[in-house]
Amino acid sequence: MTDRTNDIATLITQLRILGQLTRTEAQVARLRVAQASTDAVRDELRQNAADADGRATRIAAALRDLGALPDPVTPLFGRVAALVRGALEQAQPLDEAVLGDLALEH
């Protein structure tokens, strides 16, 4: 393998991981909408989910441009992880959960 091939393979791996995290971020934001106490917070969470969806779409396009095939399994793991996380955090105060979400986003 050449250095360029190694670099592209590394970039593809990193983009796939970033895509998974971004899809998880969108799913978590959607789960938080139901927990939001005000319309303003619900609107912000919906916007965060939409922004994450846009980033995920751009990441998928970058992967296609690099010749990578879509990964059909990894997005499922991200959804399951977000659902499990949401279920576990139901007992957690909303402010602590939101701080955890901010840490995920950054």
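Keep in mind that this is a model prediction, so the values were computed, not measured.

Trainee: Break down helix H2 (residues 39-65) for me, citing the residues and quoting the values.
Mentor: Spanning 27 residues, H2 covers 39 Å between terminal C-alpha atoms, matching the ideal 39 Å at 1.5 Å per step. Within the span of H2, buried status applies to Leu 45, Ala 49, Ala 52, Ala 56, Ile 59 and Leu 63. In this structure, the buried residues of H2 make contact with helix H1 (3-33). At the exit of H2 stands Gly 67, carrying a positive phi of roughly 85°.

Trainee: Any chance you could break down the confidence of the model for the protein for me, citing the residues and the numbers?
Mentor: Residues of the protein with pLDDT of at least 70 account for 66%, and the chain-wide mean is 82. Put simply, helix H4 (residues 94-105) is where the protein has its lowest mean pLDDT, 62, and H2 is where it has its highest, 95.

Trainee: Help me get a handle on the packing of H1 against H2, residues and values and all.
Mentor: Where H1 contacts H2, the two axes come as close as 8 Å, and the packing angle between them is 160°. Taken together, the axes of H1 and H2 lie roughly antiparallel to each other. Classified by chirality, the crossing of H2 by H1 is left-handed.

Trainee: Lay out the environment of Thr 13 with the relevant residues and their values.
Mentor: Among the structural elements, Thr 13 can be located in helix H1. In this structure the C-alpha to C-alpha distance between Thr 13 and Ala 68, which are 55 residues apart in sequence, comes to 9.7 Å.

Trainee: Could you give an account of the pattern of salt bridges, with specific residues and numbers?
Mentor: Inspection of the entire model under this criterion finds four salt bridges. Residue Glu 25 is joined to Arg 55 by a salt bridge in which the shortest nitrogen-to-oxygen separation is 2.8 Å. Of this pair, Glu 25 sits in helix H1 while Arg 55 sits in helix H2; the two residues are 30 residues apart in sequence, bridging distant segments of the chain. A relative accessible area of 12% places Glu 25 in the buried class.

Here is what the cut-offs are and how they apply
- Residues numbered from 1 in each chain as written.
- Predicted model: local features only at pLDDT ≥ 70, side-chain atom pairs only at ≥ 80, totals over all residues.
- Heavy atoms only, no water.
- Helix = DSSP H or I, 4+ residues; strand = E, 2+ residues; numbered from the N terminus.
- Expected span 1.5 Å × (residues − 1).
- Buried < 20%, exposed > 50% of the residue type's maximum accessible area, 1.4 Å probe, protein only.
- Contact = heavy atoms within 4.5 Å.
- pLDDT = per-residue confidence, 0-100.
- Axes fitted to C-alpha atoms, helices over the stretch in contact; angles between N-to-C directions.
- Parallel < 35°, antiparallel > 145°, perpendicular 65-115°, else oblique.
- Left-handed = near helix turned anticlockwise from the far one by under 90°.
- Salt bridge = Lys/Arg side-chain N within 4 Å of Asp/Glu carboxyl O.

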